Amino acid sequence: MKVSSDVPKAEKPDVDITLSQSPKSEKTTNADDYFNPKDRVDISNEARELQARADVRLVKTPEKIETAQRTEQSDQNRLNLIASKIMQGQNVSPSEERTLKESNPQLYARAKAKAKLVG
């Protein structure tokens, strides 16, 4: 079987395509045009006082930040102590083990793996 390449090639038509761009509209935006004065919301003085009190509660003083950091550090130290006990094969209460498992699952898994190697 002989394949011939006598298939006529399609001729490309000579078409000139030019894209025209429409002139940019020079529309300026004005804040007064954008915001409708009728769309504003007024809040009562009571709501303003509640907002002010909420803002004050959200601001943390340096003392509160320091206390939170100390608490977080002491919690982490406690978890490390529990993990250390588990690694050494010492008895740990179920509540301490559960606390470690819930608070830091990766540390719990490492402690259990180390306990199997040691014990």
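Residues numbered from 1 in each chain as written. Predicted model: local features only at pLDDT ≥ 70, side-chain atom pairs only at ≥ 80, totals over all residues. Heavy atoms only, no water.

(A) Inspection of the side chain of Asn104 at higher detail. By the element assignment, Asn104 lies in the loop between helix 4 (94-103) and helix 5 (105-118). Leaving out residues up to four positions away in the same chain, Asn104 has contacts with Gln76 and Leu79. (Helix = DSSP H or I, 4+ residues; strand = E, 2+ residues; numbered from the N terminus. Contact = heavy atoms within 4.5 Å.)

(B) Region of the structure containing helix 5. End to end, helix 5 covers 20 Å across 14 residues, agreeing with the expected 20 Å (1.5 Å per residue, within 8%). Taken together, the buried positions of helix 5 are occupied by Leu107, Tyr108 and Ala111. Down the axis, helix 5 shows its buried residues gathered within 100° of arc, on one side only. Turned more than 90 degrees from where helix 5 packs its buried face, Pro105, Gln106, Arg110, Lys116 and Leu117 sit exposed. Those residues of helix 5 hidden inside the fold are in contact with helix 3 (62-87) and helix 4. (Expected span 1.5 Å × (residues − 1). Buried < 20%, exposed > 50% of the residue type's maximum accessible area, 1.4 Å probe, protein only. Arc of directions from axis to C-beta.)

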